[in-house]
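# Structural description and commentary
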Amino acid sequence: MRFLARLLSAVIPLTLLLGGVSEAREWKAIEASGTIKAATEGAFQPFNYYEGSTLTGFEVELAEAIAKKLGLKLEWSVVPFDAQIAALKQDRFDFAIASHGFTEERAKSVDFADPHYCTGGQIAAHKDGPLTVAALNGKSVGVQLATTYAGAAQKIKGIKAIKTYKGDPEAFSALRAKKVDAWISDKFTVKGTLDKNPDAGIVGGALVFVEKVSMIMPKGNKELAEKLNQALAEVMKDGSYQALSQKYFKEDVSCRP
């Protein structure tokens, strides 16, 4: 059932992409409709994922809190991570919240809201495997396609092979089966995965880089950006953000010093 729900949620938005280009909605149109449209991946624990047929996770609950602050209903689309920027540029939804780390390249295509958490790319490997950047020399690494972790791996000198996977579960399975020597992903995803697989013999290693993660939206929609940033600030101020952070991570994951 979980697989079917995820499959249907992913296929429907992709099918919509085959049609004509929608028109970007300005804030006044969003407000008048009473509904804000958001996209996420639905396969990136603990940020956005399914429990049975229910979409949940830190980013999902955070987006719902933001929509509530805006006085709007939230309409979800679940879209594969590597298709989200293209879909957003076609104005299929108003914003995406799916752990997009800021990069100059992405900023050419979309606008970024203020960061809603800070994280980093972490190495994971078997206990006797490569757990530092230097130790990756001559080794193979598994990463999720079209992520900043894939980009970071490409910049590490000496890596023998970089193997890309549809998602982190597949990359972790490849590491577990020793099809790759290491896996690089979000440090919280690594922690959550290892906590759920204590007998895998895999441990977390060094951070490869630190990144700020934000919601993304179409270029030039300044009023929407202002509204999302204002609502995010209010959620952080009233304690809702801290409650979600503790619920999912047992620590403050904001970018505040």
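In this report, the structure presented in the accompanying data block is examined. (Residues numbered from 1 in each chain as written. Predicted model: local features only at pLDDT ≥ 70, side-chain atom pairs only at ≥ 80, totals over all residues. Heavy atoms only, no water.)

## Observations concerning helix α9 (residues 222-237)
Convention followed: A helix here means a DSSP run of H or I that spans at least four residues, while a strand means a run of E at least two residues long, and both kinds are numbered starting from the N terminus. To estimate the expected span of a helix, count its residues, drop one, and scale the result by 1.5 Å. Buried residues are those whose accessible area, probed at 1.4 Å on protein chains only, stays under 20% of the maximum for their type, while exposed residues exceed 50% and partly exposed ones sit between those limits. Working note: the arc is built from the helix axis to C-beta atom directions.
When the terminal C-alpha atoms of α9 are compared, their 22 Å separation across 16 residues agrees well with the 22 Å that a helix rising 1.5 Å per residue should span. Burial in α9 covers these residues: L224, A225, L228, N229, A231, L232, V235 and M236. Taken end-on, α9 shows its buried residues confined to a sector of 165 degrees, consistent with a single buried face. What points out from α9, more than 90 degrees from its buried face, is the exposed set K222, E226 and K237. One or two residues past the end of α9 sits G239, with phi positive at roughly 95 degrees.

## Remarks on the sheet that holds strand β8 (residues 161-165)
Either a parallel or an antiparallel arrangement is found when strands of a sheet pair, and the pairing is made through backbone hydrogen bonds. Basically, it comes down to this: Pairing between strands is defined by DSSP: at least two bridges between the two strands are required. To define axes, lines are fitted to C-alpha atoms, for helices over the stretch in contact only, and angles between the resulting N-to-C directions are given on a 0 to 180 degree scale. Throughout, a residue-residue contact means that at least one pair of heavy atoms, one from each residue, lies within 4.5 Å.
In space, the 8 strands of this open sheet follow the order β4-β1-β5-β10-β6-β9-β7-β8, with mixed pairing throughout. Each having just a single partner strand, β4 (73-78) and β8 make up the two edges of the open sheet. Taken pair by pair, the neighbouring strands of this sheet meet at an average axis angle of 25 degrees, ignoring direction. Sheet analysis places strand β7 (residues 140-144) next to strand β9 (residues 182-186), joined by 2 bridges and oriented parallel. Residue pairing across strands places V141 opposite A182, the latter belonging to β9. Where helix α8 (residues 187-196) meets the sheet, its contacts fall on β6 (110-126), β9 and β10 (202-218), and the angle it forms with β9 comes to roughly 115 degrees.

## Digging into the packing of helix α3 (residues 58-70) against helix α10 (residues 240-249)
Rules: Should an angle lie under 35 degrees it is considered roughly parallel, over 145 roughly antiparallel, and from 65 to 115 roughly perpendicular; all remaining angles are considered oblique. Less than a right angle of anticlockwise turn of the near helix away from the far helix marks a crossing as left-handed, whereas a clockwise turn marks it as right-handed. Residues are grouped as follows: Ala, Val, Leu, Ile, Met, Phe, Trp, Tyr, Cys and Pro are nonpolar; Asp, Glu, Lys and Arg are charged; all remaining types, including Gly, are polar.
In the contact formed by α3 and α10, the axes pass within 10 Å of each other and the chain directions differ by 165 degrees. The orientation of α3 with respect to α10, classified from their angle, is roughly antiparallel. The chirality of how α3 crosses α10 is right-handed. Only Y241, L244, S245, K247, Y248 and F249 of α10 make contact with α3, whose side of the interface consists of F58, E61 and L62. Of the residues that constitute the contact of α3 with α10, the class distribution is 6 nonpolar, 1 polar and 2 charged.

## Remarks on helix α7 (residues 168-176)
Turning to α7, its buried residues are D168, A171, F172, A174 and L175. The arc that holds the buried residues of α7, viewed along the axis, is 155 degrees, so those residues lie on one side. Those residues of α7 hidden inside the fold are in contact with β6, β7, β8, β9, α8 and β10. Count one or two residues on from α7 and you reach K178, which has phi positive near 65 degrees.

## Comments concerning the nonpolar core
Just so we agree on the cut-off: By nonpolar core is meant a set of buried Ala, Val, Leu, Ile, Met, Phe, Trp, Tyr and Cys residues that side-chain atoms within 4.5 Å join together.
Formed by 35 residues in total, the largest nonpolar core has its most connected members in I36, F58, L62, I66, F95, Y117 and L228. Looking at this core, the elements that each hand over two or more residues are α2 (27-33), β1 (35-40), α3, β5 (95-101), β6, β10, α9 and α10.

## Points about a positive patch on the surface
Threshold: To count toward a patch, a residue needs a relative accessible area above 30% and no salt bridge. Like charges then connect within 9 Å, nonpolar side chains (Val, Leu, Ile, Met, Phe, Trp, Tyr) within 5 Å. The Shrake-Rupley method, run with a 1.4 Å probe sphere, supplies the accessible areas, and residue values consider only the shown protein chains as cover. Salt bridges are counted wherever a side-chain nitrogen of Lys or Arg sits within 4 Å of a carboxyl oxygen of Asp or Glu. Residues counted as positive are Lys and Arg, residues counted as negative are Asp and Glu, and His and the chain ends are not counted. Working definition for charges: the position is that of NZ of Lys, CZ of Arg, CG of Asp or CD of Glu.
Among the surface-exposed residues, K139, K160, K163 and K179 lie close enough to one another that they form a single positively charged patch. The topology assignment puts K179 in the loop between α7 and β9. Given the relative accessible area of 58%, K179 is considered exposed.

## Some words on the side chain of R106
What counts here: A 3.5 Å cut-off defines polar contacts: any pair of N or O atoms within that distance qualifies, except that in protein one atom must be a possible hydrogen donor and the other a possible acceptor, and neighbouring residues in sequence count only when both atoms are side-chain atoms.
With respect to the helices and strands, R106 occurs in helix α5 (residues 104-107). Comment: no salt bridge for buried R106; closest opposite-charge side chain is E211, at 5.4 Å. In this structure the side chain of R106 is engaged in a polar contact, spanning 3.3 Å, whose partner is the backbone oxygen of A146. Residues in contact with R106, not counting those within four places in the same chain, are F81, I85, H100, G101, F112, A146, T147 and T148.

Such coordinate-based values are descriptive only and should not be taken to indicate function.
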